Every structure is written in structure tokens, then in C-alpha cells.
Amino acid sequence: MKSPGLAVICFVLLHAGAHGFGILPGVSLSHQEITEQAILNATLQTCRDLAQDEGSDFSFPTQPFTAGAVAAACGASQSSKTFRQAITCIKLRTSRVDIRYPFQSSFHFDKEMFTEGRRIITEGLTAVKASNKKENYEAAREQLGEILHPLQDFYSHSNWVELGNTRPNSNLIRAGSSIGNTADASRATCRSCDNDVCINNILEDITAEQILTSGYTGLFPFVSTKPKGKCSHGGATDFSSKLEPTGGINKDTFTSNHGFLHSQAANLAIAASSELLEDIRLAAGDRTFLRMVGIFKGSSRALCFVTDTTKSMSDDIEVVKTVTSSIIISHLGAKNEPSVYILVPFNDPGFGPLIKTTNATVFKSTINSLTASGGGDDQEMSLSALQLALTSAPFNSEIFLFTDAPAKDKYLKNTVIALIERTQSVVNFMITDSTATNRRRKRSNANQPQVRMIADSDAQLYRELAQASGGQAIEVTTSELQAATAVITQSMNSSLVTLLQAARSPGTADNFTFLVDETVINLIVYITGRSVTFTLISPTGASQESTDSAGSLITATQSLGNFITLQLKNQVGQWEIRMMSTNPYTLRVMGQSPIDFLFHFVEPSQDPFIGFDALDTRPRAGLSGSLLVSLTGSDSATVTEVALIVSSGSEEIKGVVVPQGSGNFLVQVDMIPSVEFVVRVKGSNQDSSNIFQRQSLTKFRGSNLKITADSDSILIPGTPFSVPFTVMTNGTGGNLTLRVTNSRGFESTSPTILFLGSGNSTNGTVVMSAPLNTPSGTDVMLTIEAESPEGSDTNYIVLLFSVLNKVTDFTPPQCQLLNIQSNCTENCSLSTWEISVRVTDGDAGTGVDRVSLRQGNRTLNTSLVAGNENKVLVSYAVSCCLPDVELLVVDGVGNVGSCIFNARDTLSAAVSVSTNQYLFLYLTVLILGLMLTEVRTD
């Protein structure tokens, strides 16, 4: 068995000794802190094992571990931002359970709901594994966060710690197994506390017989459903704890009734979370697991093309092929190699399919197979294809859409904007032959010449979508397209940051400033617009006009169509750019720096659960709002200012910044604008005397409409799936227009109009059904839009669901040793040994999905037994200097088994262990490591 990384677990168990289980960080260790600790340690362990497999050195970062330090230790510093994004997503989902399901006892293991709580964990775990198998990592993260909460609550809300247990209950993540002896419904479990001292309030016979129980809760004074003699949860908001037997048994904080056991409960919650993550890793494989948590060896950015394939695009498609080939060749194996490649072709009337791969060769072959055909009219399904790309591309992607035609599906404009805001993705439109560019003759078929050009009014839609995302609408001729798409190679760098982003429509003269700190290199300015002139002023006061080609501030320039790029001299301090134009224009200043930020709009929860929940919708306009800002790329940087910058002018709404720890900051603003705005962050770094400034590319806006929706997160194919939603307004009422779409085109029904009274709310329901043949792990993104009666205000909610077929296979594959030959001598280097093994998943199993080496050297030879996918033959031969081998065997639904063999084994002595046994051994070694560390310390 591989060494499980004693340094990692020792840190986990020792560090947790002084903290506890709220939602927000504080004196006690919170759900968010427990979750982050487990993810950091699981990631370090995975990277360590990979390095060991590759024969590379690996060094643990200094403690306490941070996301940036862990990414660096994994050799993936460019993934710092995506790693932090993944951790934040999982943590917010963990916190959401308390906010969305505060009184559903099964999510918290309250009221002795052990069977129901375990079902939530095991079904969610199966969904996580299925999502990873389909490479739908965002769905996997959201589901993971939802199941970590009840798993952690088990150790705080039950009496597992009081029973003397020092290891996690592994059967909580194993369906079909016993989680222990649970108390009968009529059995008394507690006595009243003695003057609020609750040290010995659990009955002695419960402890002696190792009976599991958990606390009951009561929400109203003197009204309790707590059965006679049962324990209460406890706390000021639990009125059942005032009734016999009084007190409680929760260990959520040091001040809880059983707060004296808080440290032990927190330790076990971390160990249990680590155990669950280890099970996911074994099922997925190391590299897939790292992708789930946002760690990539190359660039964390995706290369995403949405391409018009109608006949008139023949020349443009050849350019796309050339550009793609160039990018792949120049980035293959480099630190800026894209993490994933995505292609969505579109035509008329069809679009898709979406091709998504991590294999550059496969992507290049797919691009090269594109052909141009069809396109009898002037409009294409461009927004439908873009919608599909936005629902499948990773968070914070950059998408390039190539077309020479107007959109036929303009009605999807608001849906696309909703997805842009939801994913904070940038969309660049590469438009050839608009009426503003040089006209050229194109063909719709081989025999009929036709001039096809996008009218300025049609191109305006693309410009507006580009501006909403912070991208560019680049209008060029086909001959200029290849040079214009050089911007793609610049966008592949994970360390690209935005210093300034602005747009003016209609065009107007305006002055803009941006700060450059010591960490920023490779300063680039992007300008789109016609007849735009400008003046640059450097921090030293030197200036250069756009017409001055001999100036010293601009080191390189390129002008293509309506697109201008400027390479600036690197100079620290405040720059100014004075724009002059009566035409619409956009301005974007970029650079490369490790320091960047992420943010989410969040909504504070109400008592008794104090915390915040990430919004899946626009924030409320005209009211106060909150943002959760996370810094990436530096453990010594801090946020000093966060402001909402109104895009149409210079108005700034500054917020109050409250540090949350681990590089996170809660920002509260007095008012969310109803017009477009961007988020600007300023801060300081210990290693620099200069303030840094970063901006969001995506534009946001508030809404007077509020949409809420809640539903199970798992769809079962063939079963109608209901998503109830509510729309409220603080504006005028009337008939709302509803639009509902989903990323998979699943059949659905929903209202198209709802009446909403002024200041009131109204309800609706979306009913969606996944076809019976939908594979497990398929994700579906549901977008519900509401438009005000006068059409001036819209809001949306975007929800992500996972498809999961019913699972009846809970048993891991088994190994049968068929043959072993060992000729080992004292000189091990001169002899070898070999084994033959049959791996089976049983007649009712889901089939053997993967067999790999967990310990050993050389390559396994595997082959399917003819006519039976549930049986795999494995052969393995190696030097006698490596006498141990461990096979990891995984079935179709992610059940994991481990088979251990030794050169000294006989046919009757081979060992096969289940994941339960494997994880038990794993944790035993970890605990022994802790004991050894404590002995050395003493």
C-alpha cells in the first residue's frame, strides 16, 4: 500500500483541536473550514502519489496549508484561481444545506434519522462519481458540497463521539451496510442536564450497548415532537431542550451543551470528509479527481470555439483550422496548454453537437473534419450554439464565436446574458463581412454567387453580448481573421488579469485610469470601435497620442477592422487613457499577474442560522447587497477596497470589507445598481509598496424582480421532475413573461405568463423529464427567466442538476488469483514473479470499469473475458525486488475494491479487500502516524 502521507493527516488531526461547526469562520471550526481542510489535504495526497508514480520529487508546503501553496506544491501554480473557485463552490454548497434545509432533520442526522441521512450521502456520492466519469465537474462539486454537510453533522449531532469512537463511521458512505445499532423509537436515551451541565446526560445503558442516538429539536415554545426520554439537540433556538429531559448533546461549538467534545467531533468530521474524498479519488483516478477540485497541469483555461459551418463560411473555417493547429502545436505540453477543448458548430436549422475533450489530438482532428454546407437564408442558430457552449464550458471561460450571419434565435439574448453572468465567461465574436467591413463576394452554393453581409443593426446584437461579457465584437474581413484571432493565444494564459474594462455607447470622450503594480507584466490594451483616437499618459507623466507612431509608451500596435491592440511599456503606477470618439467603443486593459480575485453575490441568511448563501440569480436592485470576494495567487495580499463601477459613467458604490480568513472577504454595499456595473477590487501586498487593482470583465445589474427556486439536485430518467419557483417584485405588477430553457433539450412544461401584483409574489412550476436512455452523470442546466410587464426589467435563476439512474449495485469487484509463479532468490534483481488474476463484478453487477495499480511497478495487461464484461483477466510480472502489488478495481457505478498480493502468496493466501477495509487500513496508518508524531513531540 502506498504511504498515505503522514505529514498531511498529522496536520489535519492536530490542527483541528481548537475549533468547531458553525457556518461562518470563528472561534470554533466551521463547516467551511472543515471542508477546506479536507480538500487541501486530499489534493496534497493525490499530488504526492502522482509524483511518486512519476518518479518526481514532492515537497509539502509549510503549514497552515493554503490553496495557493497546495497548487504550487502540485506543480500547478496556474491553477491557483480555478482551485480556489472549486473550493469556494464546494464550501458554499456545504453552507447552503443549513440555509436551504434548516429544519429537514435527515440533512443533519437529527431526530435519529440515520437511515435517511445515510441515503442522502450515498445517493449524492454515487452522483458525484457519475458526474466525474462524464467530466461534468461543476455538477460534481455542487453535489459534493451538499453531502459533506450531513456527513460532518453526524459527528456533532449524534453520540458517535460519546460512544468512545476515535475513527469515522465508514458505513455512512456505503449503501447497504449497517451504520450501527440505532435506538428504537420508544427507547429513552437521555436524562436532564444538571444545572445546564450536560456532561453525563446520555443514559449509561445507551453507551454500554453502543446504541446510536441523535438530538430532537423543537421550533416553538412548549410545543415539541420529541418522544419521551429522547435527547434534544440543544441550544437557545431549540425549545425542546427546555422540556424533560432538558439540555442537549450537540457539539457544534465550544459553547454547545456537549462543547467539551467539540474538538473530537471536529477531528472526526475532517477525517470522515477526507475518507469520502479518498473514495471519490479511488473511483475517479488521480487526474480526474484533481480536475474535479480545479487542479490542472497546463492552463486552467478552456479553448472554446463556436463556429458557423454554412457554405459562406468555407474560407473562415479554413482559418479556424489553421489557428487551432497553431495553438495546439505551440501549447502542447507547455504550461499554457488548454485544460479542455470545446467545439460547438452551428448551421440552419441545427446546431451542435457539442464536442468536449481534454485530448488535443482528438480536438484537432474534429476541427479538421469540419465542412461547410447549407445556409439557404441569411440567419443562423448562433445564440443556440452559444447557449450550449456556455452551459458546458468551465467557469470563467473565454469563448470565440465565428460567423458571417445574423442570429435567427434573437429571442435567446436574455438567456445568453443570464448564462454569461452565471458563469462569468467572456465571449468574443469574430464577425466577418459586416456592412462596416470591406465587402467581398461569397457563395451560398457552388453555382449561385451571393453577397452575404451582416447589417449594422444585426451586428449590434453581437456587440451587446460581447460587452455584457467583457469581450470584443471584432469585425474584420476573412483575410484579416487569422491575424485577429492571435488574441486567442494571449487569452490562453491563466495568469491574465483585467486592470480596466469600460464601454461607451453612444461614443463619448472620457478619461480612464488604471493601476499597474509590480506583479503585472505584458501590458496590453484592446480597443474595439471605429474612428477612435486616444492619448496615453504614463505614471511618470509621459504621453503618447494614437497618431504618434514614434512615442515610447506603445511598444507594438496592430489595427484590424474595428480592432486595435496596443502593447504598452511596463511601468508601475497609475496610467491614464483619454478616449475620443463619437462612435461606440470598448476598452480593455489586461496584464499578466499571479494576483487576481473571484467573487460571488451572496445573500445573508436569517436567524437562527447566521451565514450566507450564493445567489443563482441577479441581486435585488436599489437594496443593500453582499459579495464574497476571494483573492488568488498570493497568501500575503489583502483587500482594501471593493466598489461597484457603473458601466455607463464614473459612479462608484464602495462597500464595507470584512475579512473572513483564508483570503476571503465579505463585502457589504448600500445599494445594488439597476444598470450595468463591474466589480473593482483594490488591495495591498506585503511584497509590494503599491496598491493593486483588478476588475471583473463580466457586467452585472440588479433587478426589481426576485426569483427563488428549490428542488432535489438529482433527476431520475423517465420520472417527471418538478422545480417549484417563486417570483417577487418591489416594482410595479402585471403580467410577467416567463421563458424556460434547459441545456439538454429535455421535454418540459412551464407557464409562459404569470400575473404578479405590485409588491407581491406569485408561484409557478417547471416540470422536466430526462429520457430513459439518459446516462448517469449527465448534467442539465435549467434557466428560468422572468420579464416585467413593461419589458424594462428581467431576472433569471440558473440551476444545475445531475441525472442518476437507479443504482442497485453496492458491491465492489472481487479478485480471484488464478496463477502465481515466483522464482525469487536472495538476489532479487536476478529473478521475477508473476500473477494471473480474474476480476469479476458478479452477475448483477454494473461491470468492471477500471483495473489499475495502486502499488507496484510496470504495466498491467488486461483483457475482457469473451462475452462477459463483468469479468476481466489481469496479468502482472515484475522483479522480485518489488514483492508487493495492490490492484485497484472499480465497477461501473464507482464501487471500489482493493486486491493485495505478495510474491510469497499461494493460491489460497491471496487477499482481496473491500473499500471499507481498505479505508480502515488507510486511516489506521494515518492514526499511527499521528501517534508517532505525538511521541516525538513529547
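Up top is the structure these notes are about.
Note that the structure is a prediction, hence the values are computed from the model and not measured. (Residues numbered from 1 in each chain as written. Predicted model: local features only at pLDDT ≥ 70, side-chain atom pairs only at ≥ 80, totals over all residues. Heavy atoms only, no water.)

Caption draft 1: Structural detail: the pattern of salt bridges. Overall, the coordinates contain 44 salt bridges when judged by the stated rule. Linking Glu-209 and Arg-187 is a salt bridge whose minimum nitrogen-to-oxygen distance equals 3.0 Å. With Glu-209 in the loop between α7 (204-208) and β2 (211-212) and Arg-187 in the loop between β1 (181-182) and α7, the pair connects residues that are 22 residues apart, well separated along the chain. (Salt bridge = Lys/Arg side-chain N within 4 Å of Asp/Glu carboxyl O. Helix = DSSP H or I, 4+ residues; strand = E, 2+ residues; numbered from the N terminus.)

Caption draft 2: Main features of helix α12 (residues 382-392). Along α12, 11 of the 11 residues are buried, which leaves the element largely enclosed by surrounding structure. For α12, the full list of buried residues reads Ser-382, Leu-383, Ser-384, Ala-385, Leu-386, Gln-387, Leu-388, Ala-389, Leu-390, Thr-391 and Ser-392. (Buried < 20%, exposed > 50% of the residue type's maximum accessible area, 1.4 Å probe, protein only.)

Caption draft 3: The arrangement of the pairing of strand β4 (residues 340-346) in detail. By the criterion of burial, β4 is predominantly enclosed, with 7 of the 7 residues buried. Because side chains alternate across β4, one face comprises the buried residues Val-340, Ile-342, Val-344 and Phe-346, and the other comprises Tyr-341, Leu-343 and Pro-345, equally buried. Strand direction decides the pairing type here: strand β3 (residues 302-308) and β4, joined by 7 bridges, are parallel. Each residue of the ladder has a partner; that of Leu-303, found in β4, is Tyr-341. (Pairing = 2+ DSSP bridges.)

Caption draft 4: Molecular detail of helix α11 (residues 360-368). Where α11 is concerned, the buried positions are Ala-360, Phe-363, Thr-366 and Ile-367. Projected down its long axis, α11 carries its buried residues within an arc of 125 degrees, all on one side. Among the structural elements, β3, α10 (314-331), β4 and β5 (355-357) are those in contact with the buried residues of α11. (Arc of directions from axis to C-beta. Contact = heavy atoms within 4.5 Å.)

Caption draft 5: The arrangement of the state of the cysteines in detail. Using the criterion set out here, one finds 6 disulfides in the structure. Residue pairing for Cys-815: its cysteine sulfur links by disulfide to Cys-899, the two sulfurs lying 1.8 Å apart. Its torsion about the S-S bond being 75 degrees, the disulfide of Cys-815 and Cys-899 is classed as right-handed. Taken together, the positions of Cys-815 in strand β38 (residues 814-822) and Cys-899 in strand β44 (residues 896-902) put the pair 84 residues apart, joining distant regions of the chain. Considered together, Cys-815 and Cys-899 belong to a single accessibility category, that of buried residues. The cystine pairing of the protein chain, numbering bonded cysteines in sequence order, is 1-2, 3-6, 4-5, 7-12, 8-10, 9-11. (Disulfide = S-S within 2.5 Å.)

Caption draft 6: Examining a nonpolar patch on the surface more closely. A contiguous nonpolar surface patch, about 320 Å² in accessible area, is contributed by Phe-103, Leu-219 and Phe-220. Here Phe-103 shows up in the loop between α4 (80-100) and α5 (114-133). (Patch = residues over 30% accessible without salt bridge, like charges linked within 9 Å, V, L, I, M, F, W, Y side chains within 5 Å. Areas by Shrake-Rupley, 256 points an atom, 1.4 Å probe, with all protein chains shown as cover.)

Caption draft 7: Layout of the sheet that holds strand β36 (residues 779-787). The 5 strands lie next to each other as β30-β37-β36-β32-β34, forming an open sheet whose pairing is mixed. In this open sheet, the two edge strands, each paired with only one partner strand, are β30 (714-715) and β34 (753-756). In terms of strand pairing, β36 meets strand β37 (residues 794-803) through 9 bridges, oriented antiparallel. Bridge assignment links Ala-786 to a residue of β37, and that residue is Asn-795. Sheet strands touched by helix α6 (residues 137-157): β30, β36 and β37. Its angle to β37, the strand with the most contacts, is close to 85 degrees. (Axes fitted to C-alpha atoms, helices over the stretch in contact; angles between N-to-C directions.)

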